[in-house]
Amino acid sequence: MGKKLKVGKTRKDKFYHLAKETGYRSRSSFKLIQLNRKFQFLQKARALVDLCAAPGGWLQVASKFMPVSSLIIGVDLVPIKPIPNVVTLQEDITTEKCRQSLRKELQTWKVDVVLNDGAPNVGANWQHDAFSQAHLTLMALKLACEFLTKGGTFVTKVFRSKDYQPLLWIFQQFFKKVQATKPQASRNESAEIFVICQGFVAPDKIDSKFFDPKYAFKEVEVQAKTVKELIPVKKPKAEGYTDGDLTLYHSFMVTDFLKAENPVDFLGKASELLLLYCACTSHTSDGVRTCCSMNLLLNWRSKLRRYLAKKLKDEAKQLDQEISSDEEGSNSEEEAGKKEDEEEGGEDNEEEEMVKKLAELKAEEVAELKRKKRKLLKEQRKQRERVELKMDLPGVSIASTEDSSLFSLVSIKKKKVLVDISKGDMKAADTLVDEDDDFHLSDEDGDDADKMSLASDLDDEDLEEVERRQKELEKKLSLYVFLLLGKGKKRKAEEDIKEEEEQQEAALPEEEKAGPSLEAAEESDSDSDDSSDDETILSPEGLALGTQIATSKKRARDLVDSSFHRFATSDEPWEVPEWFLDDERKHRKRPVPVTKEMVEEYKQKWKEINSRPIKRVAEAKARKKRRTLKKMEQAKKKAEAVVNTVDISEREKMAQLKSIYKKAGLGKEKREVTYVVSKKGAGKKVRRPPGVKGVFKVVDGRMKKDLRGMQRKEQRAKGGKGKRGKGRQAKGGKGVKSGKGRK
Ligand SMILES: C[S@@+](CC[C@H](N)C(=O)[O-])C[C@H]1O[C@@H](n2cnc3c(N)ncnc32)[C@H](O)[C@@H]1O
């Protein structure tokens, strides 16, 4: 079970922790700090009484912010742990005894500040608790009024309850300035608020009723008038008016207009601009003068509105008359006359009617918009449903006239174009694809499509016709797809089309032989396909291709382009020898636009990079070089000194120079020594082994440790069993000898 989170008052917030860290006895210390920061009452105070002060947080703050050696007295029901330079009393602030104790402490002194952070024991019920709190505050005020000096400050906690306002009113009777605030350290969920009463008026005589809850608070049943009742009730202020201004007509001086930050707003408020002598310049034309009287403008506006409304009405009436005279002839004249009378009489309502009309128009407009929106949403929903049922492709509707054409391919009517495509004429393919905007129907075809989409409205005969045409179109589509797929079927279709074309041509009269008609093309298409049924059924591959063709113009063009390849020429897969394929794989690469020389150059660069020593090695080498140079410098100096010495012989000089250079490591280069392993052992004279050049050194094949072990063994063997102890001793005591021997 996790720990239950503390909420509200029980929560340990940042001020709690801050108080712990800074050594204040309570988190409320920060409330006083914040209040003092705002109202600065502690700095000037020389004497202070803190009522309800335990555990003493406020007292700590007071002693910190008040001048040194100030008088600070803390009172509480419970004892307060001693605080340096603070007097503490354990008293109930509501009692006479407390008052006397304070008097005793203060003698004739008056205090500059009285604080009250009192919180009575609560928990009975809200009403009772609120009253106890208000009562405690009232008692604190009573003490404050007794002990405060003139101009002094009373800082008190008040709970926001129904007694809050009466309390404020009472405070106002004794202090010049009463301000309520809630410091940041006071929890938001707490109903407490702090009232800072400044400038104690110190009246000569105070009516004791002020501190009597019977009079002070409303809810207490009393025969006498409550304090609240004594407060004169002000008439509620009229809203929307600035103070003391109850008119709607405002005159302003023209200079105010000139000074205004926002002239447009200013004019909105002004009813009249008063022109002064200073404004009577040549810039102030008669027109401007007229405009200065806003009333004139307003009158003009009303008149103009009436005039325009009337004009509109007249026009409408004239139009009505013209129509009715056409329809009804002379009879309507009387009615029109009546209407005229009515309109004359209702001139006052003209404006109203116009507004009404405008509202109607607006309503109609809105309704129209809503209708359109609803229609659009309905269409979108239908389209979604179709897509879900796999009736449509996303973004493509087969329901609309436009979309039905996408799959119909009715536009592929020109057999000649198809034949041209099959022959490889890409221009013809382009014409086919471009024609009538991405396979959309021509006007004529559009009619056909309409017929198809409206199939449900047709009779049986028409339906048959539509079905027949649809079949034809499907066949054309399949033919087209086969053309794209190649696989030899293209050739067959081509042959069929050609054959039929010839037949048709032969049957046609002379004048029509120039070019096949659209119908003839259609006929021949359907016939040719009928000859082989299996070719008319589209495979899934074909359907997929068809979809792509229908949805994208570019895709269709690309497919036509890609249909021309080596496998398109034959039914059989094109057999090629393996060597040819190998060769293809090897050489069928796109040449890279770089020369051999360039490649070689970069190869060389890579080599250089790879042969470079790694950074750390290079650094070590550089260090070594620097050291050598330094040594050389030093050796040179020493050598010069030796050479310049006069009191030594040349031979001596040479010897010294040699030793200097040797020490500097600049003598002879280190000889390369070849190590030769010999069974005879290290240091023994052996003949130069073949292939070894220069200096060579003979070493034993065994490791040093092995060698020592062997030597010890030999020694032991020499000494025999009886001498074992001696031998051991020799290891320690006669080690020098053996060591020497080993050396
Ligand atoms: C919130 S604490 C005061 C904290 C104090 N300001 C501080 O900073 O440490 C409220 C105090 O009011 C005291 N109190 C309540 N009723 C009182 C009374 N009638 N007379 C004296 N003290 C009273 C309580 O004993 C309690 O210590």
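Residues numbered from 1 in each chain as written. Predicted model: local features only at pLDDT ≥ 70, side-chain atom pairs only at ≥ 80, totals over all residues. Heavy atoms only, no water.

S.K.: I tried to follow the side chain of Asn36 on my own but got confused; where do I start?
M.R.: The residue Asn36 is located in helix H2 (residues 29-39) in this model. Those residues in contact with Asn36 that lie beyond four places of it in its chain are Phe41, Leu42, Gln43 and Phe65. (Helix = DSSP H or I, 4+ residues; strand = E, 2+ residues; numbered from the N terminus. Contact = heavy atoms within 4.5 Å.)

S.K.: Would you mind showing me how to read the site of the ligand here?
M.R.: Within the structure, the ligand sits among 18 residues, and Ser26, Gly57, Asp76, Asp92 and Asp117 are positioned closest to it. Within the contact set of the ligand, an oxygen atom lies 2.9 Å away from a backbone nitrogen or oxygen of Gly57. Taking Asp76, its side chain carries an N or O atom lying 2.7 Å from an oxygen atom of the ligand. Relative to its unbound accessible area of 590 Å², the ligand is 85% covered by the protein chains. (Near = heavy atom within 4 Å. Polar contact = N/O pair within 3.5 Å; in protein donor to acceptor, adjacent residues only side chain to side chain. Areas by Shrake-Rupley, 256 points an atom, 1.4 Å probe, with all protein chains shown as cover.)

S.K.: Help me understand the environment of Thr88, please; the structure alone is not making it clear to me.
M.R.: Topologically, Thr88 is positioned in strand E3 (residues 87-90). Considering only alpha carbons, one finds Thr88 and Ala54, 34 residues apart in sequence, at a separation of 9.3 Å. When near neighbours in sequence (up to four residues on either side) are disregarded, Thr88 contacts Leu59, Gly74 and Ile80.

S.K.: Help me understand a positive patch on the surface in this model?
M.R.: A contiguous patch of positive charge on the surface is contributed by Arg616, Arg623, Lys624, Arg626, Arg627 and Lys631. Mapped onto the secondary structure, Lys631 falls in helix H28 (residues 615-644). (Patch = residues over 30% accessible without salt bridge, like charges linked within 9 Å, V, L, I, M, F, W, Y side chains within 5 Å. Salt bridge = Lys/Arg side-chain N within 4 Å of Asp/Glu carboxyl O. Lys, Arg positive; Asp, Glu negative; His and termini not counted. Charge placed at Lys NZ, Arg CZ, Asp CG, Glu CD.)

S.K.: Looking at this model, I keep getting lost on the packing of helix H5 (residues 126-147) against helix H6 (residues 164-174). Mind explaining?
M.R.: For any two helices packed against each other, the geometry comes down to the angle between their axes and how far apart the axes lie. Running from amino to carboxyl end, H5 crosses H6 at an angle of 5°, the nearest separation of the two axes being 11 Å. Classed by the angle they form, the pair H5 and H6 counts as roughly parallel. Seen from H5, the contacting residues are Ala134, Thr137, Leu138, Leu141 and Cys145; seen from H6, they are Leu167, Ile170, Phe171 and Phe174. When grouped by side-chain class, the residues that make up the contact of H5 with H6 number eight nonpolar, one polar and no charged. (Axes fitted to C-alpha atoms, helices over the stretch in contact; angles between N-to-C directions. Parallel < 35°, antiparallel > 145°, perpendicular 65-115°, else oblique. Nonpolar A, V, L, I, M, F, W, Y, C, P; charged D, E, K, R; others polar.)

S.K.: I tried to follow the nonpolar core on my own but got confused; where do I start?
M.R.: Inside soluble globular proteins, nonpolar side chains tend to come together where they are buried. Counting residues in hydrophobic clusters, the biggest one holds 42 residues, and the most contacted among them are Leu51, Ile93, Leu102, Leu141, Phe154, Phe171 and Phe175. Discounting residues that sit within four places of it in the chain, Leu51 has contacts with Val75, Ile93, Leu102, Val114, Leu115, Asn116, Asp117, Gly118, Ala140 and Leu143. (Core = buried A, V, L, I, M, F, W, Y, C linked by side-chain atoms within 4.5 Å. Buried < 20%, exposed > 50% of the residue type's maximum accessible area, 1.4 Å probe, protein only.)

S.K.: Looking at this model, I keep getting lost on the sheet that holds strand E6 (residues 175-181). Mind explaining?
M.R.: Remark on secondary structure: sheet strands pair via backbone hydrogen bonds, oriented parallel or antiparallel. Within the open sheet, the seven strands sit side by side as E3-E2-E1-E4-E5-E7-E6. Their pairing is mixed. Edge strands, defined here as strands with exactly one partner in the open sheet, are E3 and E6. Averaged over all adjacent pairs, the angle separating strand axes in this sheet is 15°, with direction ignored. When strand E4 (residues 111-116) meets strand E5 (residues 148-159), the two strands line up parallel, connected through five bridges. Bridge pairing in E5 links Val114 to Phe154. Contacts from helix H4 (residues 96-106) reach strand E1 (47-51), strand E2 (71-76), E3 and E4 within the one sheet, and its direction differs from that of E2 by about 165°. Its contacts with the sheet place H5 against E1, E4, E5, E6 and strand E7 (192-200), and it is angled at close to 170° to E5. (Pairing = 2+ DSSP bridges.)

S.K.: Whenever I open this one, the pattern of salt bridges confuses me. Can you help?
M.R.: Oppositely charged side chains can pair when the atoms bearing their charge come close. Throughout the structure, instances matching the rule amount to 15 salt bridges. A salt bridge links Glu368 to Arg371, with the nearest nitrogen and oxygen atoms 2.4 Å apart. Pair noted here: Glu368 and Arg371 are both in helix H14 (residues 350-388), with a separation of three residues, about one helical turn. Using a relative accessible area of 46% as the deciding quantity, one classes Arg371 as partly exposed. Of the charged contacts in the structure, one is a salt bridge between Arg585 and Glu578, with a shortest N-O distance of 3.5 Å. Arg585 gets classed as exposed once you look at its relative accessible area, which sits at 54%.

S.K.: When you look at the packing of aromatic side chains in this model, what are you seeing that I'm missing?
M.R.: Given two aromatic rings, their pairing is described by the distance between the two centres and the angle made by the two planes. In this structure the tally under the stated criterion is ten aromatic pairs. Ring geometry for Tyr24 against Phe30: centres 5.6 Å apart, planes inclined by 85°, an arrangement best described as edge-to-face. For Phe30, a relative accessible area of 8% puts it in the buried group. Between Trp579 and Phe580, the ring centres sit 5.9 Å apart and the planes meet at 85°, which makes this aromatic pair edge-to-face. For Trp579, a relative accessible area of 59% gives the class exposed. Residue Phe580 is classed as partly exposed on the basis of its relative accessible area, which comes to 27%. Sitting over the ring of Tyr602, Lys605 keeps its end group 5.1 Å from the ring centre. (Phe/Tyr/Trp six-rings, centres within 6.5 Å; stacked < 30°, edge-to-face > 60°. Lys NZ or Arg CZ within 6 Å of the ring centre and 35° of its normal.)

S.K.: Is there a simple way to explain the pairing of E7 in this structure?
M.R.: Across a regular strand the side chains alternate sides, sitting on one face of the sheet and then on the other. Counting buried positions along E7 yields nine of nine residues, so the element is predominantly enclosed. As paired strands, E5 and E7 are joined by six bridges and run antiparallel to one another. Opposite Val155, over in E7, you have Ile196 as the bridge partner. The pairing of E6 with E7 spans six bridges and is antiparallel. Paired with Val178 across the bridge in E7 is Cys197.

Note that every value here comes from positions in space, so none of it alone points to a role or purpose.
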